Amino acid sequence: SAPQNQGQNRHGHSQVLGNKGAPGWILPVSSMERDAANDARKWALGGAKGSQRSTSALSSGSSLKGGEALSKGESLARATSKGTMQIAPEILRASSLRRRNTTASAGSLGDEDDEIVRVSTELGMHEISAFGLRGNPVVICVSLMASWGMVLAAIVAPDAFFGLAAESKRWLTSSFTWLFIASQNVWVFFIIYIALNKQFGELKLGHIDTKPEYSTVGWFFMMFGSAGVGTGLFYYGVGEPILHLTYNRYAAKSYLTYNERSQEAMNLTFYHWGIHAWTCYTVVGITIGITSHRLGLPMTIRSAFFPLFGHAVYGFVGDLIDALSICTTLIAICTSTAAGAIQINTGISLLNPDIPRSTFIHVILVIIMTLMASISVHFGLRHGVRILSVASFMIMISMMIMVALVDDTVFLMNLLVQSTGHHIQWFLQLGFHTDAFEQLTGADVDGKSGPEVWMDWWTVYYWCSWVSWSSLVGIFIAKISKGRKVKELIHCSLTAPVLFSFTWFAVFGGVGLRMERRAVIDACLGNCKTLFKGSPFDRTDCKPMMEGRTAALEAPQTASFLLRRPGGCPSIIQPSSRGIDEMWFDVLRQYDNISNFLVVTSLVCMILFAITTNDSGSIVLDALSGNGPLNHEPTKNIQKQLWSFTLGLMAVILLVAGGDQAISAMQTIIIALGLPYTLLVTAMCCSLYVVLSLEVHPDTALHLTFLEGRYDILYVRDNGMEFWSTSIFGVLSIMDYILSLGSRKSALPSLADWKLFFTAVLAPSYMVALIWVKVGKGDTKALFTLSSDGRIRSAQMIMAFCLFNNLIAVLLLVLDSALHNMWVIGMMLHVFFVFALTGIRSHLRKNYNLGGDMFRDVMAGLFFYPFTLVQMYRETDAHNEGSFDGISPEIGKDL
């Protein structure tokens, strides 16, 4: 479409606005730019020796340091007086090259590995190698120390640890329910937006000609099997609807009929296993898939934040992110494995009463599943996980169809359709419900408030559990989705699993609810007080049924009861009176002649899912601990097998030393780990939007990876697409210097860096005013003089305002111990300072044609204001004439 408005960016390139007012850029590339890009492409594709990291940087605060990528005496371009661009092709070449041996064997890490320049090495990630094994020592040590520390605490002092964990869980629920609920909805609407955006949806996870590695059916089966969802569907397939029927947030509403309570039970189950549950996997999977398969960055969680924070994520900050990911993955898988072993033992004992339900059997089952998983790991993705996933999922579908046919098929189909419609109707209301009034302790006025602890027991636990698995499932989804479009991944990782989960719970949950209903009716008619194995029967639901019952009706009803239940009350199995690990098998045992077959089939499927989860978990843990090796950077299978054994060992120790209480304690820990991961996934949404916007930009070189110069032309043109000259976390690179034992001297911040940082910490008001003057290219020496210059006077007013706010805020925080609630006013004053900082940062972005938005400006000022001030100051240095890469003369003199 013809442009409506036209202007020029700071380098003189024409910038246009499309018909809808959205920023756009003219497609033609200047001849010099084209020559430089083509020259760089020839070098990159020709495998030229020697490489330097690209100077391209993404987003607020991202950069690849250096020349550190370009040397200090070089630049990609210089603006002439006429505003035209002069590019030094050899400089663009130097910033765009990386050596990659694409012909190296993908089988082992022998001598050929020395010929491969690993992406992690080029990015400067911490890495050691010994005996053919590679890994990140910081990530491995931190994650294992944290994981084993929690396991040992749960074993040595189970009561104290469980009490502390439970108390922490209650506090997190009462304090952050709003965050867990709101973030889930943010993710849902964000993915809906991505799915409806045609440009984003058509992007491939890979080059434009990349073909999918797996068939669509096999791809979906692998995705479903890796998430640990198979084990969960068996464990909760019958149990969750039953538990919601007997005790849920609507339990105090005595006016609900039994049918309404049953429908609410199905609705809550659909909510916990529906769109909200699967969205976090989709967000992580797409983000990792884009950054790895398109940008050529390491396949780790830290890479998902590269579009936001740039090269900083490949240092100590990224190590902490990957360590947290490993910790959550380890705990999630080992607790799932232990819980699965307990349920499998229950089923085996039902088939053969001579086999007891004991810790010894649990341990044997875990050992067998771990050994089988290590064998599967050896055969790799295509011949290991894929085959197991297809087999387990086919068995799962077959079981569902058999039960649907042998039971009341019409009722189950009715229930599926009705429950789906009911969930759609209440989707928004249920999705935003936080139990706000129920969580008001001691504030139940009419006695009809729902349970105060229900959110703690169910929804918050579920959301934290799902997001704790997101690193495992997200990376695995990205790994197997190369060649798929973004919209395909959304459908396969979100739409299809949700529809299957709804069908699964409609069948098995419906069968369980029907069995519960029949048990209640028969127990009421038989005047039962105890049922199967002496379990007590609650006769509350008998009152409506028994009203108006006369002696004339009692005799035929008793005869009908004895006809249906020849064994009397002890033959009645009421699912709600049984353990959740028993409910599944109780339902299957009601089908004559095929009950044992169904039980055996389900046990086989449970074991296969446990093996598949361990296998896929080992692959992901190897990627996280090994700096995310790409396809051309193979690792030895022994590394994955070591992680497989670690998962099994952790589960065994939990079962032997801690038992059910230790497992419950570790499940409780998932809530605590879910909080930081909720924040990470939310930030990942922002990061994904940034990188998708870059990928659909016409100046992006789609045939190159990031290190080969994917965004070099876009950077040269300076099209306002998220490019800052310095990282927002620059001074944190000192941790990389320390962890490298001083060998990485380039990571050591200079004295000027530290002076600038501590000035931002101790005198932020002065820094804000100084930046304001520098953006307007004013005289910073006049900042403390009486001046008629408007920029200087406004800077002095800004400095006075910020200084007043900061001093009063600090004073009020100090006085809070004596004057209660003074901290609230202090925080309000700090927010005023953040608003001032945000306004100047937004002005800086607009003035220098940098990308970003108000939300990210506020977040940067609110949580990272010293780092933000340093970054903004460096940016003014980078754009003002006569500046240099260091502290400016005026602030140096002041210091």
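Up top is the structure.
Residues numbered from 1 in each chain as written. Predicted model: local features only at pLDDT ≥ 70, side-chain atom pairs only at ≥ 80, totals over all residues. Heavy atoms only, no water.

J.: Any details on the overall build of the chain? Residues and values, ideally.
T.: The secondary structure content of the chain amounts to 34 helices and 7 strands. Restricting to contacts in the chain with at least 6 residues of sequence separation, those with at least 24 account for 76%. Surface exposure of the chain reaches about 36,900 Å², of which carbon and sulfur atoms provide 64%. (Helix = DSSP H or I, 4+ residues; strand = E, 2+ residues; numbered from the N terminus. Contact = heavy atoms within 4.5 Å. Areas by Shrake-Rupley, 256 points an atom, 1.4 Å probe, with all protein chains shown as cover.)

J.: Describe the state of the cysteines, with residues and values.
T.: Applying the stated criterion to the full structure yields 2 disulfides. The disulfide bridge from C524 ends at C542, spanning 1.8 Å between sulfur atoms. Measuring the twist about the S-S bond at about -85 degrees, one finds the C524-C542 disulfide to be left-handed. With C524 in helix α20 (residues 486-525) and C542 in helix α21 (residues 542-546), this pair connects stretches of sequence that are 18 residues apart. Across a sulfur-sulfur distance of 1.8 Å, C528 and C569 are joined as a disulfide pair. On the sign convention where negative is left-handed, the bridge of C528 and C569, at about -80 degrees about the S-S bond, is left-handed. Note that C528 is positioned in the loop between α20 and α21 and C569 in the loop between α22 (551-564) and α23 (580-588), a separation of 41 residues in sequence. Across this residue pair, the class does not change: C528 and C569 are buried. Sequence-ordered numbering of the bonded cysteines in the chain gives a pairing of 1-3, 2-4. C685 forms no disulfide, and the closest cysteine sulfur to it belongs to C686, at a distance of 8.7 Å. (Disulfide = S-S within 2.5 Å. Buried < 20%, exposed > 50% of the residue type's maximum accessible area, 1.4 Å probe, protein only.)

J.: Just give me the short version of the side chain of T876, but keep the residues and values in it.
T.: Mapped onto the secondary structure, T876 falls in helix α33 (residues 865-879). Here the side chain of T876 touches Y873 through a polar contact of 2.5 Å, landing on its backbone oxygen. If we ignore the near neighbours within four places in the chain, the residues touching T876 are I771, K774, V775, L844 and Y848. (Polar contact = N/O pair within 3.5 Å; in protein donor to acceptor, adjacent residues only side chain to side chain.)

J.: How would you summarise the nonpolar core if you had to cite specific residues and measurements?
T.: With 192 residues, the main nonpolar core has I301, M396, W466, W504 and W584 as its most contacted residues. For this core, the element with the most residues is helix α25 (residues 637-695), which contributes 27 residues. (Core = buried A, V, L, I, M, F, W, Y, C linked by side-chain atoms within 4.5 Å.)

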